[in-house]
Amino acid sequence: MPAGKKPGRLHPIPPGRRPFEIVHIDHLGPFETSTTGNKYLFVLVDNLNKFTHLYPCRSTDTASVLNRLDKFCRARGIPDRISSVTVARASRANGQVERVNRTIVPLLSILTEDQVHWDDKVPEVERHLNSAVNKTSELSPFEALYGYRPRFVGGTLGSLSQACNAWTAPQEVQTRLRDTITVGQNRMKLYYDQRHHEGVRYDVGEVVVMLRQPKPDQPSKLQAKYRVRPLQVIEVLPGDTYRVAEVASDGREVYATTAHLSQLKSWKIFREHEDEVPAEVEAEDEDAVQETARDVRHKVEEQDGATTTRPVRKRRPPAHLSDYSTD
């Protein structure tokens, strides 16, 4: 293992060939429970043009997720791939939507005066996200999807914009955007992989241990680094991620989660007969050690006896005292 390098390469998801071919999803929250009962925000981001859809929801269970995905599919069509892999303490597993989440919270805090009405501001937050120009593509998600920059405020100020009526074919914009994203991903992967190595690969059925979340109320240096009980790999996922579970003796899954390669370590199992040493062998080894120690001690004593006595040093007065007379 190279010194100073962490395990796990970067595996960016290539941009889709069309809008909403690949989408990233995640939940944001919990927020203050609104008057309509909403507590979370279901976030969906397109892989190509970064167009974002926000859906307030009451919970994060499977039924709520399927309901929001059904609304999205009715408006945009069914995507070919949905990325929802989010690993604890490893946000790079779903970095597309994590970046959007870091922008949503400040926008909501600025626009919302009463926290119980935060979901009323979600459409406005979504509009701001899709109208903001992306630093990499130099296009807003709205422009990348439709080919023009929208105007949401009328009046004289809006009519002064030189790009208000400019339009480019969406196919041309998306082709250029796809090339820009690919170049940026290759550059990021090259930079990331220089500081990481391939790491150990695990197969289904292997036993591993996983890093544990440190307790915030205790010093982290004295806490156990890994979980006490080992886990078993039950599925190999893309991007150096694994589905691991704690399996009981009867085959039931007691605990299951998703972990990145950097959070796992191989569990070495030693058979009991390799660890156990017969008592007779231990006694013989102990007697042999004692005999060896006695032999060495006797040899040293014999050598000390044969050695001549060291000469005794005679004390002489210092030479400078001859210059003085002493009574």
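Higher on the page you've got the structure.
Residues numbered from 1 in each chain as written. Predicted model: local features only at pLDDT ≥ 70, side-chain atom pairs only at ≥ 80, totals over all residues. Heavy atoms only, no water.

Caption draft 1: Layout of the overall build of the protein chain. In terms of helices and strands, the protein chain carries 8 helices and 11 strands. Long-range pairs, those at least 24 residues apart, make up 57% of the contacts in the protein chain between residues at least 6 apart in sequence. As displayed, the protein chain offers around 22600 Å² of accessible surface, 52% of which is attributable to carbon and sulfur atoms. (Helix = DSSP H or I, 4+ residues; strand = E, 2+ residues; numbered from the N terminus. Contact = heavy atoms within 4.5 Å. Areas by Shrake-Rupley, 256 points an atom, 1.4 Å probe, with all protein chains shown as cover.)

Caption draft 2: Quick look at helix H3 (residues 122-131). Val122, Val125, Glu126, Leu129 and Asn130 are the residues of H3 that are buried. Along H3, the residues classed as buried sweep out an arc of 130° about the axis, all on the same side. (Buried < 20%, exposed > 50% of the residue type's maximum accessible area, 1.4 Å probe, protein only. Arc of directions from axis to C-beta.)

Caption draft 3: Layout of unusual backbone geometry. The omega angle of the peptide bond from glycine 29 to proline 30 is 10°, so this bond is cis rather than trans. Along the chain, proline 30 turns up in the loop between strand E2 (22-28) and strand E3 (40-46). Even without being a glycine, phenylalanine 20 presents a positive backbone phi close to 60°. With respect to the secondary-structure elements, phenylalanine 20 resides in the loop between strand E1 (6-7) and E2. Given the relative accessible area of 3%, phenylalanine 20 is considered buried.

Caption draft 4: How the structure looks around the packing of aromatic side chains. In total, this model carries 8 aromatic pairs according to the counting rule given. Taking 5.6 Å as the distance between ring centres and 80° as the angle between the ring planes, the aromatic pair formed by tyrosine 202 and tyrosine 242 counts as edge-to-face. Of this pair, tyrosine 202 sits in the loop between strand E6 (196-197) and strand E7 (207-210) while tyrosine 242 is found in strand E9 (residues 241-247), placing the two residues 40 residues apart along the sequence. Taken individually, tyrosine 202 and tyrosine 242 each receive the classification buried, so the pair is uniform in this respect. Three or more aromatic residues joined by ring pairs make a cluster, and in this case those are Phe20, Phe51, Phe72, Phe142, Tyr146 and Tyr148. Of note, arginine 76 hangs over the ring of phenylalanine 51, and the distance from its end group to the ring centre comes to 5.1 Å. For the cation-ring pair, arginine 227 lies above tyrosine 255, with the distance from its terminal atom to the ring centre recorded as 4.5 Å. (Phe/Tyr/Trp six-rings, centres within 6.5 Å; stacked < 30°, edge-to-face > 60°. Lys NZ or Arg CZ within 6 Å of the ring centre and 35° of its normal.)

Caption draft 5: Quick look at the sheet that holds strand E5 (residues 81-83). If you trace the 4 strands from one edge of the open sheet to the other, you get E4-E3-E2-E5, paired in mixed fashion. Bordering the open sheet on either side are strand E4 (52-57) and E5, each of which pairs with just one other strand. Here the strands of the sheet are splayed against their neighbours by 25° on average, with no regard to which way each runs. In the sheet, E2 pairs with E3 via 6 bridges, with the strands oriented antiparallel. Along E3, the bridge assignment pairs aspartate 26 with valine 43. (Pairing = 2+ DSSP bridges. Axes fitted to C-alpha atoms, helices over the stretch in contact; angles between N-to-C directions.)

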